[in-house]
Amino acid sequence: MSKSTDEIFKNVISHAKEYGFVFPSSEIYDGLSAVYDYGQFGAELKNNIKTYWWKAMVQMNDNIVGIDSAIFMHPKIWKASGHVDGFSDPMIDNKITKKRYRADQLIEGKIDELRAKGLAAYPDNKPIDNQTPPNEDLYLNEDLQKAQEIEKKLNDLLIAEDLGGLKELIIQYKIKDPLSKEEPDWTDVRQFNLMFSTQMGAVADDADVVYLRPETAQGIFVNYLNVQKSGRMKIPFGIAQIGKAFRNEVIARQFIIRMREFEQMEMQFFVRPGTQKEWFNQWKEARLKWHLALGTDAAKYRYHEHVKLAHYADAAYDIEFEFPFGFKEVEGIHSRTDFDLSQHQKFSGKKLQYFDPEVDPDTNKPYGNYIPYVIETSIGLDRMFLLTMINAFEEEDLSTEDKQDSRTVLHLHPCLAPVKAAIFPLTKKDGLPEKAREIMDRLKIDFNIQYEEKDAIGKRYRRQDAIGTPYCITVDHQTLEDNTVTIRHRDSMEQERVAAADLDKIIGDGVSWRNLLK
RNA sequence: GCGGAAAUAGCUCAGCUGGUAGAGCAUCAGUUUCCCAAACUGAAGGCCGCGGGUUCGAAUCCCGUUUUCCGCUCCA
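For clarity, every value in this text was computed on a predicted model and none was experimentally measured.

Considering a positive patch on the surface
1) Next: The grouping of Lys 117, Lys 146, Lys 174 and Lys 176 at the surface amounts to a positive patch.
2) Next: Positionally, Lys 117 belongs in helix 5 (residues 103-120).

Considerations on the sheet that holds strand 10 (residues 261-271)
1) Next: Within the open sheet, the seven strands sit side by side as 3-9-10-16-13-12-11. Their pairing is mixed. Every interior strand has two partners, whereas the edge strands, strand 3 (64-67) and strand 11 (301-305), have only one. Looking at each pair of strands side by side, their axes are set apart by 25 degrees on average, direction ignored.
2) Next: As judged from the five bridges shared by strand 11 and strand 12 (residues 315-323), these two strands associate in the antiparallel manner. Residue Tyr 301 lies in a different strand from strand 12, and its bridge partner there is Phe 321.
3) Next: The sheet contacts of helix 2 (residues 40-59) involve strand 3, strand 9 (237-246), strand 10 and strand 16 (373-380), and relative to strand 9 the element is tilted by about 160 degrees.

Thoughts on the packing of aromatic side chains
1) Next: Scanning the entire structure with this criterion turns up 17 aromatic pairs.
2) Next: Site record: aromatic cluster; members linked through ring pairs are Phe 221, Tyr 224, Phe 237 and Phe 270.
3) Next: We note Lys 284 situated over the ring of Tyr 303; from NZ or CZ to the ring centre the distance is 4.9 Å.

Let's talk about the pairing of strand 23 (residues 495-499)
1) Next: Bridge analysis of strand 22 (residues 484-489) against strand 23 gives five bridges, and the strand direction is antiparallel. Looking at strand 23, one finds that Ile 487 is bridged to Glu 496.
2) Next: Hairpin connection of strand 22 to strand 23: five residues between the antiparallel strands, including Met 493 at a positive phi of 65 degrees.

Details of the pattern of salt bridges
Opposite charge on two side chains permits pairing when their charged atoms draw close.
1) Next: A full pass over the atoms with the stated rule returns 23 salt bridges.
2) Next: For Asp 491, the salt bridge goes to Arg 490, with nearest N and O atoms at 2.8 Å.
3) Next: The exposure class of Asp 491 is partly exposed, given its relative accessible area of 41%.

Here is what the cut-offs are and how they apply
- Residues numbered from 1 in each chain as written.
- Chains lettered and ligands numbered in written order.
- Predicted model: local features only at pLDDT ≥ 70, side-chain atom pairs only at ≥ 80, totals over all residues.
- Heavy atoms only, no water.
- Patch = residues over 30% accessible without salt bridge, like charges linked within 9 Å, V, L, I, M, F, W, Y side chains within 5 Å.
- Areas by Shrake-Rupley, 256 points an atom, 1.4 Å probe, with all protein chains shown as cover.
- Salt bridge = Lys/Arg side-chain N within 4 Å of Asp/Glu carboxyl O.
- Lys, Arg positive; Asp, Glu negative; His and termini not counted.
- Charge placed at Lys NZ, Arg CZ, Asp CG, Glu CD.
- Helix = DSSP H or I, 4+ residues; strand = E, 2+ residues; numbered from the N terminus.
- Pairing = 2+ DSSP bridges.
- Axes fitted to C-alpha atoms, helices over the stretch in contact; angles between N-to-C directions.
- Contact = heavy atoms within 4.5 Å.
- Phe/Tyr/Trp six-rings, centres within 6.5 Å; stacked < 30°, edge-to-face > 60°.
- Lys NZ or Arg CZ within 6 Å of the ring centre and 35° of its normal.
- Buried < 20%, exposed > 50% of the residue type's maximum accessible area, 1.4 Å probe, protein only.

Given below as structure tokens:
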């Protein structure tokens, strides 16, 4: 990361705060780590991004519908999804090297080491899978025995969630810091629960633990049958949702890139098994197009293929954006197989099958009952927000030979801009304010409009540039005579004189969703 | 959570070896101004992050604490 890009990122953050886009949460109480609030313009921009997504996904696709599921869900859902087990890790630190490890992985490392050593004792009869000795029962040597013994203890401790036991195990078998030859000084093993839990019910004794959802997807899966039946949906079809999710990140930093409370825009697309690859490719392309339609330089985007796939996936790509601190994931497109629905079928005991009456040309019979496969598109709204801010942000040098000059401008797509137009009387007298307000009262029905009469006209233009307002309309003395105004364009800073009556159409065309969705 | 750095007006900062807080911009009121910032007059704005200690006296020295930044660790 060069200094200047680092600088830009810092400037975007302070710009976001200074102009009412993003504030640190609870700031007057010293803040709350990794939690942020969206201010007056941030909320508008965020809403506009949501609208763009919702229109592109739900409104433009007649086989996709949107839902809004609750954040609280039955605790069993997170057992079924694997989050209860997979989302909490026992961690241990070496006080000497200051390195942190997952305690279970440290022990597994020891097991692997012992195995390798033990297996080396069978030179003539190399085991095929590098794990099992040639004849386990007969020839278990000391190292292999020990490996087996530790493995069993590890599993027991993990199931019992015995953190003290894990530490004892590490000390007992003299497990070293893999990165240091020195004798390690271990801290206690601590559990990092990535899911937030809370209690349901006012009386604590009776209360069951419920989790704040760590992803919105499960709210879609558990409603899959409701939506399919009530909407008479036919495969392939999708369910979209925008909503908050919560993760207790070990380290949550880098502004709104990683927050404890964040918002996701997800769509789960249900398809016939065997067709997932084709749909996966289609959504992978469609989603990148959605990003590029905003006019972002394509070179700032790239796909990143997951080589190591999660247990439920058979393909996964991320869409990454080049932030000032490097390429980071903004959106994931994952082929989730039938894992989630199968799990929920198993844990809930409810059949989640779909009867497909279409005839398979190969067998001449209907496809019949199956659990659909799922293609997921999941975009982080807050990351999209930051991406949009960074991409739009420019400190423009307008200096001429006689005068130093610069402006800070957000080149937001007009559809996303928080304020669509600002209206200024050129001066505060001669009836210009009244005229300007009259025009504004008409425009504000359709558009988010700001009115400003304070300060020099140039200053007012620059203030609007800083929040990305695409149009500034100025009422001058000529307006009083012939009802024309000047309209000034943010990016070019050029002005034209138009009839006040044409403003609705000019602004309307400029901020129309047609520009993005056509 | 660990290590390093930082914290003074809304923002950017100054404030030397301890002597009771200052600038520019921004804000507010007014003046000026017929189209691209920083014109004029005036005003307001500070638990010097918080708590404790040393001292006659602390923004300044010491200890603790909180928050932020930069690394490390984690990331479905």
